[in-house]
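Structural overview for review
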Amino acid sequence: MDHNILRQLEVEEDHELECKLAANGIPVSIWETYSSFANTNGGTIFLGVKEHRDSFTVEGLTDKQIIKYQKDFWSTINNKEKVSRNILLNHHVRPITVEGKKVLRIDVPAADRHDKPVYIGVDPMTGTYRRDYEGDFLCSEEAVRAMFSDQRDVAADTEILDEMGLDALNRDTIRGYRVVFEQLHGDHPWNLLENDEFLMKLRAAAKNKTGGLSPTVSGLLFFGEAYRITEVFPHYFLDYREESEDRSVRWLFRTHSDEGDWSGNLYDFYYKVINRMDDDIAVPFVNRKDGHRVDRVDVHAALGEAVANALAHADYYGRRGVVIVKKGKEITISNPGTIRITREEFYAGGNSDPRNPNILKMFGFANVGERAGSGIDKIMTAWKEQEWKKPEFDFSVRSDRVSLKLEIGQVVYIPGTADLRKERLEEQKSTDQYSELSKEQKVLLYLKDNGSITTQAATILCEYKTRAGARKLLEKMIQNGVLIKIGSGPATKYKMSEGQ
């Protein structure tokens, strides 16, 4: 492209740009571009500039054309039968001089979600456009409905599902969540409440039209049974896959919300997924920070942030669901629904407009997810600190999805921590209690002394490098009838079965 002309036009090379010769009047196609810019990330239209394959030619407009085009433009954009909404101010349309010739510059900002969709004519289903690298395209009816849904200021996920009872929720999920809540907020008054009252405080449940209790949308998604969730969201689907480099192997591991042997809700999915992904970020030493043991570091927190954000920002009416694919050291997290702020605001950080804010709030009570718009900062900072490849976001407006690609490696640096591996080994050397025992015997002896054991404790006790090995050992002992599993998610513990 002609960088000199771009500088004179006062636009960057990657700026959304549309140039039209407009020799015989304002071209009809300008309104498709106006709609697409407004419904995507904004852009600039130049009239009087001819666009070639990879360059521009400034043809210019006469003073008479400039005056007429401005008048015609404002007349059309303010006609509700031709354009649904005028989001421009006077300074957005102005003549400028380039190479000694006059052209008309029209700056179209990205519309606020309250103003979308911006469409041509009177039917949004046939007149709403968006823009991607291929140009303007007509939006699907599903995408248009999603824009209308996003207009609401009242959080959609606090809507009460009047026809549904609390039997749609999974009691084990609620119990596990409450255990974590109490561990993190020991003195909180909600810990004294019955389940129904606790759910109402979370806005996971509310009184329905008949005076009884029904789940809210967030309560159903967060705590519900998958088959009940699909009664409200037919396309609801959560999918986690670990794929092999070997094409003859379909996948190494997969779990999804339709399996039927677990709840299939957001909260349980989060911990099923994050526990497996955490195993691949091996901390090369046991560490302590500010006097407290630290088994998860900033990278783990950022990874959890990425998963929670995808679940909280997803449009559950959208197709294909939330999909997380791990292949080697690469993890891709994608969710239906586009971001509700501009890309510039997104990357700048400090701005957050989640589609499901109550879900994000409930994750927050479990110390998961950011509510101040700094989640992107945490992810970028953690990856930069480890000198790993920069995370890549893809905002596909055509497929109405957001994807995040992450590459993980070996943790090489943890700020403010001290290596305690030697300290732990020295402690073990001082006693031969565990030294000659098998791994299963070590677990049983630990249980005899402590009553229960966590996966993390078993990892350290049996000197596994990651929790995957410890988890396999514990599952084997369950299959052999030696142990039983209690709780779910981060509250999971293992005890000796009766008769042991």
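Scroll up to find the structure this text is about.
Residues numbered from 1 in each chain as written. Predicted model: local features only at pLDDT ≥ 70, side-chain atom pairs only at ≥ 80, totals over all residues. Heavy atoms only, no water.

Some thoughts on the overall build of the protein
We count it as follows: Only runs of H or I of at least four residues qualify as helices and only runs of E of at least two qualify as strands under DSSP, and these elements are numbered from the N terminus. Only protein chains enter the accessibility calculation, which uses a 1.4 Å probe. A residue is then buried if its area is under 20% of the maximum for its type, exposed if over 50%, and partly exposed in between. Here the open area of atoms and residues is found with the Shrake-Rupley method and a 1.4 Å probe, where only the protein chains shown may cover a residue.
A tally of helices and strands in the protein yields 18 helices and 21 strands. Looking at the protein as a whole, 49% of its 500 residues are labelled buried. Taken as a whole, the protein presents about 25200 Å² of accessible surface, with 47% of it coming from carbon and sulfur.

Describing unusual backbone geometry
Here the bond from Lys116 into Pro117 is cis, since omega is 5 degrees, no more than 30 degrees from zero. For Pro117, the position within the fold is in the loop between strand 6 (101–108) and helix 4 (124–127). The phi angle at Glu99 is positive, at roughly 55 degrees, despite the residue not being glycine. Relative to the helices and strands, Glu99 resides in the loop between strand 5 (93–98) and strand 6. Classification of Glu99 as partly exposed rests on a relative accessible area of 43%. Positive phi values are uncommon outside glycine, yet Glu387 reaches one of about 60 degrees. The residue Glu387 is located in the loop between helix 14 (375–385) and strand 17 (392–396) in this model.

A word on the environment of Ile359
Rule in force here: Between two residues, a contact is recorded if the distance between any of their heavy atoms is within 4.5 Å.
Mapped onto the secondary structure, Ile359 falls in helix 13 (residues 357–365). Overall, the relative accessible area of 0% leaves Ile359 in the buried class. Here Ile359 is in contact with Asp157, Ser218, Leu221, Phe222, Leu266 and Ala312, once residues within four sequence places are set aside.

Brief notes about the side chain of Asp132
The condition is simple: Under this definition, polar contacts are N or O atom pairs within 3.5 Å; protein pairs additionally need one hydrogen-donor-capable and one acceptor-capable atom, and for neighbouring residues in sequence, both atoms have to be side-chain atoms.
Tracing the backbone shows Asp132 in strand 7 (residues 129–132). In this structure the side chain of Asp132 is engaged in a polar contact, spanning 2.7 Å, whose partner is the side chain of Arg398.

Observations concerning the sheet that holds strand 6
Test applied: A pair of strands is labelled paired if DSSP reports no fewer than 2 bridges between them. Axis geometry follows a simple rule: fit a line to the C-alpha atoms, using only the stretch in contact for helices, then measure angles between N-to-C directions, giving values from 0 to 180 degrees.
Spatial strand order, 1-2-6-5: four strands in an open sheet with mixed pairing. Bordering the open sheet on either side are strand 1 (17–20) and strand 5, each of which pairs with just one other strand. Put simply, the sheet's adjacent strands are angled 25 degrees from each other on average, direction ignored. One ladder, built from four bridges, connects strand 1 with strand 2 (residues 43–47); its direction is parallel. Among the inter-strand pairings, Leu17 is bridged to a residue of strand 2, identified as Thr44. Here helix 2 (residues 30–39) sits on the sheet in contact with strand 1, strand 2 and strand 6, set at roughly 160 degrees to strand 2.

Quick word on helix 13
A large share of helix 13 lies buried, amounting to seven of its nine residues. Listed as buried for helix 13 are Asn358, Ile359, Leu360, Lys361, Met362, Phe363 and Phe365. Positive backbone phi, at 60 degrees, marks Asn367, one or two positions downstream of helix 13.

Let's talk about the packing of helix 2 against helix 3 (residues 63–77)
This is how the line gets drawn: We call two directions roughly parallel when the angle between them is under 35 degrees, roughly antiparallel when it is over 145, roughly perpendicular when it lies between 65 and 115, and oblique otherwise. Should the near helix be turned counterclockwise from the far one by less than a right angle, the crossing is left-handed, whereas a clockwise turn marks it as right-handed.
Contact geometry for helix 2 and helix 3: axes closest at 12 Å, N-to-C directions at 60 degrees. Between helix 2 and helix 3, the angle is such that the two are oblique. Where helix 2 crosses over helix 3, the two elements pack in a sense that is right-handed. In contact with Ile30, Trp31 and Tyr34 of helix 2, helix 3 contributes Phe73, Thr76 and Ile77.

A few points about the sheet that holds strand 18 (residues 401–407)
Strand order in the open sheet made by the six strands is 12-11-15-16-18-17, with mixed pairing throughout. Edge positions in the sheet fall to strand 12 (253–256) and strand 17, since each has one partner strand and no second. Taking the axes of each pair of neighbouring strands and ignoring which way they run, one obtains an average angle of 10 degrees across the sheet. Where strand 16 (residues 330–336) and strand 18 come together, seven bridges link them in antiparallel fashion. Across the sheet, Ser334 pairs through a bridge with Ser403, a residue of strand 18. Each of strand 11 (238–243), strand 15 (322–327), strand 16 and strand 18 touches helix 11 (residues 298–313); the most contacted strand, strand 16, lies at about 20 degrees to it.

Here we look at the environment of Lys476
Checked against the element boundaries, Lys476 lands in helix 18 (residues 467–479). Placed 36 residues apart in sequence, Lys476 and Glu440 show a C-alpha to C-alpha distance of 9.7 Å.

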